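As a plain string of letters, each chain reads:
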Amino acid sequence: MTTLIVFDIDGTLLRSVAPHQAAFAAALRDCGLTDVDSAWGGYTHHTDSWIFREVFRRNTGRLPDEAERGRFAGLLHEHFLAATAREGLEEIPGAGSFLRALAADDAYTVAFATGGLREVTAAKLAPLEAGAAGPVSTASEHTFRGHLVREAVHQAVERAGGGFERVVCVGDGPWDVRAAVATGSEFIGIGPATTPFGDWFPRTHLFGSFDEVDPAADFSLVPPPGRVPAEPGGDRVFSARPADCPCWN
């Protein structure tokens, strides 16, 4: 059986949430954007590109242009590198060895779908030596979380020359669960408790270390009705050519 495993990065493979959020806030300040709701999980889509657009619109009354998006991406990258140079970047237990084991097994293909922008994502994947292991879909390509997963799957299918019998998403937040449910994927939760996912979330699908994960196990997920927020209507319209995707409208 061929299986595609699509990984989130922050909080899933790396303990990078705190330095990323600090770098994101610093980059916003450098762009002169001071009216900011820092409850990042409250935005409709949990991606750097969506949140930056919403903050920019709130402060200026318009959407950023390409040059402004590029400047923000560069600043985010710079601040993240500075923060992690000082404090280091720790992987989730077993993440690197798990990725290497998957890469060595012909039954598995790996891809990445992250809410971070491409420049900062490259910096995160480098220490895991996973950047070349599979396609990487980032918030530089799509603003909707579900579209990041769809893009990663699309790219993996193109590389493989055909589809997969299973797609398994791996993540640490409720937005990851929503993307998995929206794309009909199985799901593995990473973290110490089911709190981010809800009290309905099966403990059999939750792991604090990748050393405990058997990728061949069944991680099908059927949430009780209403327990996972419905996919926003626009999420259902996806284009694998990112510049043309409706998520940028």
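Since this is a predicted model, take the numbers as computed values, not measurements.

A. Region of interest: the overall build of the protein chain. Helices and strands together make up the secondary structure of the protein chain, namely 7 helices and 6 strands. Secondary structure elements of the protein chain occur, N-terminal to C-terminal, as β-α-α-α-α-β-α-β-α-β-α-β-β. Taken over the C-alpha trace, the protein chain has a radius of gyration of 17 Å; the compact-globule value for 249 residues is 18 Å, and the two agree within 12%. Based on the C-alpha atoms only, the size of the protein chain along its principal axes is roughly 50 × 40 × 40 Å. Here the protein chain holds 249 residues, and 51% of them are scored as buried. Partitioning the contacts of the protein chain with sequence separation of at least 6, the portion at a separation of at least 24 is 66%. Put simply, the protein chain shows about 11,200 Å² of open surface, and 51% of that area lies on carbon and sulfur atoms. Side chains of the protein chain give 21 positive and 33 negative charges; the mean places of these two sets differ by 6 Å.

B. Geometry of the layout of surface pockets. Approximately 310 Å³ is the volume attributed to the largest pocket. Lining the largest pocket are 18 residues; nearest its centre among them are Asp10, Val17, His20, Gln21 and His46. Among the secondary structure elements, those contributing two or more residues to the lining of the largest pocket are helix H1 (17-30) and helix H2 (48-60).

C. Broad picture of helix H7 (residues 174-183). Every buried residue of H7 is accounted for by Asp176, Val177, Arg178, Ala179 and Ala180. Elements that come into contact with the buried residues of H7 comprise helix H6 (145-160), strand E4 (166-171) and strand E5 (186-190). The positive-phi residue at the C-terminal boundary of H7 is glycine 184, with phi of around 70°.

D. Seen up close, the pattern of salt bridges. Per the stated rule, a full pass over the model turns up 10 salt bridges. For glutamate 54, the salt bridge identified is with arginine 57, shortest N-O distance 3.0 Å. Of the two residues, glutamate 54 and arginine 57 both sit in helix H2, 3 residues apart, roughly one turn of that helix. Measuring nitrogen to oxygen at the nearest pair gives 2.6 Å for the salt bridge that ties glutamate 68 to arginine 62. Of the residues examined, glutamate 68 reaches a relative accessible area of 22% and is grouped as partly exposed. On the basis of relative accessible area, arginine 62 is assigned to the partly exposed category, the value being 39%. Here the salt bridges do not stand alone but share partners, grouping Asp8, Arg145 and Asp176 into one network.

E. Broad picture of the sheet that holds strand E3 (residues 136-137). With parallel pairing, the 6 strands of this open sheet are ordered in space as E3-E2-E1-E4-E5-E6. A single partner strand is all that each edge strand has here, and the edge strands are E3 and strand E6 (206-207). Direction of pairing for strand E2 (residues 108-113) relative to E3: parallel, over a ladder of 2 bridges. Each bridged residue has a counterpart across the sheet, and for phenylalanine 112 the counterpart in E3 is valine 136. Sheet strands touched by H7: E4 and E5. Its angle to E5, the strand with the most contacts, is close to 170°.

F. The packing of H2 against helix H3 (residues 66-87), seen in detail. Taken N-terminus to C-terminus, the directions of H2 and H3 make an angle of 120°; their axes are 12 Å apart at the nearest point. Between H2 and H3, the angle falls in the class oblique. Pair H2 / H3 crosses with right-handed handedness. Taking contact as the criterion, the partners of Asp48, Phe52 and Phe56 in H2 are, on H3, Glu68, Arg69, Phe72 and Leu76. A breakdown of the residues in the contact of H2 with H3 according to their chemical character gives 4 nonpolar, no polar and 3 charged.

Rules used throughout
- Residues numbered from 1 in each chain as written.
- Predicted model: local features only at pLDDT ≥ 70, side-chain atom pairs only at ≥ 80, totals over all residues.
- Heavy atoms only, no water.
- Helix = DSSP H or I, 4+ residues; strand = E, 2+ residues; numbered from the N terminus.
- Rg over C-alpha atoms; globule rule 2.2 N^0.38 Å.
- Buried < 20%, exposed > 50% of the residue type's maximum accessible area, 1.4 Å probe, protein only.
- Contact = heavy atoms within 4.5 Å.
- Areas by Shrake-Rupley, 256 points an atom, 1.4 Å probe, with all protein chains shown as cover.
- Lys, Arg positive; Asp, Glu negative; His and termini not counted.
- Charge placed at Lys NZ, Arg CZ, Asp CG, Glu CD.
- 1 Å grid on protein atoms, 1.4 Å probe; cavity = no way out; pocket = protein on both sides within 12 Å on 5 of 7 lines; lining within 4 Å.
- Points joined across faces, edges and corners; volume = space filled by probe spheres on them.
- Salt bridge = Lys/Arg side-chain N within 4 Å of Asp/Glu carboxyl O.
- Pairing = 2+ DSSP bridges.
- Axes fitted to C-alpha atoms, helices over the stretch in contact; angles between N-to-C directions.
- Parallel < 35°, antiparallel > 145°, perpendicular 65-115°, else oblique.
- Left-handed = near helix turned anticlockwise from the far one by under 90°.
- Nonpolar A, V, L, I, M, F, W, Y, C, P; charged D, E, K, R; others polar.

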